[in-house]
Amino acid sequence: MDKQSERKYIFVVGGVISGVGKGIAASSIGKILQSRGFRVTAIKIDPYVNVDAGTMNPTEHGEVFVLDDGDECDQDMGNYERFLDTTLSRINYMTSGRVYETVIRKERNLEYGGKCVEVIPHIPLEVISRIEKASERAKSDFTVIEIGGTVGEYQNVLFLEAARMMKTKYPKDVLFVMVSYLPIPSTIGEMKTKPTQHAVRNLNSAGIQPDIIIARSNAPLDKKRKEKLALFCSLLPGHIISAPDVESIYDVPINFERDKMGDIILETLGMKRKNGDDLREWKRLFSSVNKFKGEVNIAVVGKYFDTGDFVLSDAYISVIEAVKYSAYHLKKQPVLSWLNSKDFEANPGKMKSLAKYDGIIVPGGFGESGIEGKLKVIKYARENKIPYFGLCYGMQLAVVEYARNVLGLKDANTAEINPDSENLVIDIMPEQKEKLKKKDYGGSMRLGAYPARLKEGSIANKAYGKKEISERHRHRYEVNPEYIEKIEKAGLIFSGRSPNGKLMEIAELPKRKHPFFLGTQFHPEFLARPFRPHPLFTEFLRVAIRRHKK
Ligand code: GLN
């Protein structure tokens, strides 16, 4: 038997509507199999033409997640990494744009040997080759592949075709899961299965029969509807998994297992179970979190919530999860408040409302809007000794604020906002300038994991418990080297630097000046994991909890 055919592939597709938690379903399936002792990797396929998620506004598409190798991808990749505690790479993520780009490049390089290159089969074949590569690279027993969008749209037809071809290639090794939505119209008051039946028919017309249906709804699925769906969609009743809304995404794998998801998958694919902990650790962590007494109140001051709360939490999902893991580690309930930085711009009276928070986070961001509000919030946090944690833009703005109000450089700024300022304490990197001139925006920032060295005895050094770190980046601008000495003399210390000493990675105020005032040029939130909370988030929350007690 060749190696590739020992691997198993689980495709997760969506029925009826999007946004019902396909990503969490895929992550949970992966988690269940991993907790049974198998090696698991995950792939996200997004149907859009963008080559990656980096050029999309967070209000359009939610958070842009960044991998170690610098790929800017969908937030589901973050869910996979967090659920599976794994490190994925760009081969685990594809879009229509990315697949077409490769096929066209190969054609230009004569790699198709003079053949007519066609949408079918060459696009699906490229998809399959990527899936195989990702599985091979991870040496996975199971590869979970989530196809974005919903069955029946034009956009993902070629990906479904790839899935169908894969089943033909490996008949015993491919399994299909459909995550579908069952509405309960308030006027009728009962759960309706019809849309799901249509979705399955639709999938059938793409040559695919689902092996498992995950029935998403407000309420659990009853026996009668299970049987009805089984009969009309040609599945065993036991293969229809009830998936009612839950409070925490971390309950999803536990719920799936109640309906025997793991057993069903192994049985269908003819696999023997292995020794694993069967979600024991997972349950131990996540079933205790509701019992934690005491809260820690954190304000996140951002701007990507012009379209309402829904989008807001989507745009900062890794920050939210990072806060949760560290708070759970400290046995506290995190309460996050979302403050729009624009509200602080013209309303000086509002500043005082910040005093009630135990800590303030200014997360990453781009562009001009809401910036003066953020600067005011940072100043308030610094002067009133409220724990402050700046992530990327939040670090750059902390430097701007310090330069303006402590160094007295009144027009200090970042080149992103005012390139004509006399004092560009945050400036564009020279190679970035060239890229912007050429309108080379896509995938062209400083992206992915870079090492940094920490200053002995600094807050950062103590939090990490080591001197060398590696963290993920996504930015074009940097602390301007010309100002480093002046800023440090005035008290703000650069406690993390690139190994050659040129790039400033962490800025912090010493403990005697402020309980916690720290910003990172990188995005620590991308490396926070349920069982490995991020040390900087944990340190920030530890100090915030102390403030709460007072
Ligand atoms: N806009 C800033 C830069 O490009 C910060 C980016 C971020 O917060 N991710 O450098």
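Scoring rules and cut-offs
Residues numbered from 1 in each chain as written. Predicted model: local features only at pLDDT ≥ 70, side-chain atom pairs only at ≥ 80, totals over all residues. Heavy atoms only, no water. Helix = DSSP H or I, 4+ residues; strand = E, 2+ residues; numbered from the N terminus. Rg over C-alpha atoms; globule rule 2.2 N^0.38 Å. Buried < 20%, exposed > 50% of the residue type's maximum accessible area, 1.4 Å probe, protein only. Contact = heavy atoms within 4.5 Å. Areas by Shrake-Rupley, 256 points an atom, 1.4 Å probe, with all protein chains shown as cover. Lys, Arg positive; Asp, Glu negative; His and termini not counted. Charge placed at Lys NZ, Arg CZ, Asp CG, Glu CD. Patch = residues over 30% accessible without salt bridge, like charges linked within 9 Å, V, L, I, M, F, W, Y side chains within 5 Å. Salt bridge = Lys/Arg side-chain N within 4 Å of Asp/Glu carboxyl O. Pairing = 2+ DSSP bridges.

Q: Break down the overall build of the chain for me, with residues and values.
A: Looking only at helices and strands, the chain features 19 helices and 21 strands. For the chain, whose C-alpha radius of gyration is 25 Å, the value lies close to the compact-globule estimate of 24 Å for 550 residues. By its C-alpha atoms, the chain is 75 × 60 × 45 Å across when sized along the principal axes. Residue burial in the chain is summarised as follows: out of 550 residues, 58% are buried. By sequence separation, contacts in the chain at least 24 residues apart represent 73% of the contacts at least 6 residues apart. Accessible area for the chain stands at about 23200 Å²; split by element, carbon and sulfur atoms hold 51% of it. Here the chain carries 85 positive and 71 negative side-chain charges, and the mean point of each set is 4 Å from the other.

Q: So what's going on with unusual backbone geometry? Which residues, and what values?
A: Backbone torsion omega between I120 and P121 reads 15°, so that peptide bond is classified as cis. Relative to the elements of secondary structure, P121 occurs in helix α5 (residues 119–138). Even without being a glycine, C392 presents a positive backbone phi close to 65°. Its location among the elements puts C392 in the loop between β13 (388–391) and α15 (393–405).

Q: Hey, could you go over a positive patch on the surface for me, with residue numbers and the actual values?
A: On the surface, a cluster of positive charge is made up of K192, K194, K224 and K228. In this fold, K192 is placed in the loop between β7 (174–181) and α7 (194–205). Taking the relative accessible area as the measure of exposure, K192 reaches 31% and is therefore partly exposed.

Q: I'd like a description of the environment of K324, backed by residues and values.
A: Looking at the element boundaries, K324 is found in helix α13 (residues 317–329). Taking the C-alpha atoms as reference, K324 lies 8.6 Å from P533; in sequence the two are 209 residues apart. Ignoring sequence-local partners within four residues, the contact set of K324 consists of Y250 and P334.

Q: Account for the pairing of strand β2 (residues 40–46), with residues named and values stated.
A: Among the 7 residues of β2, 7 are classified as buried, and the element is accordingly described as predominantly covered. Burial along β2 is two-sided: the face carrying V40, A42, K44 and D46 and the face carrying T41, I43 and I45 are both buried. Alignment of β2 against strand β6 (residues 142–147), held across 6 bridges, turns out to be parallel. Residue pairing in the sheet places T41 in a bridge with T143 of β6. The sheet contact formed by β2 and strand β5 (residues 93–95) spans 3 bridges and is parallel. Considered in β5, the bridge of D46 is made with T95.

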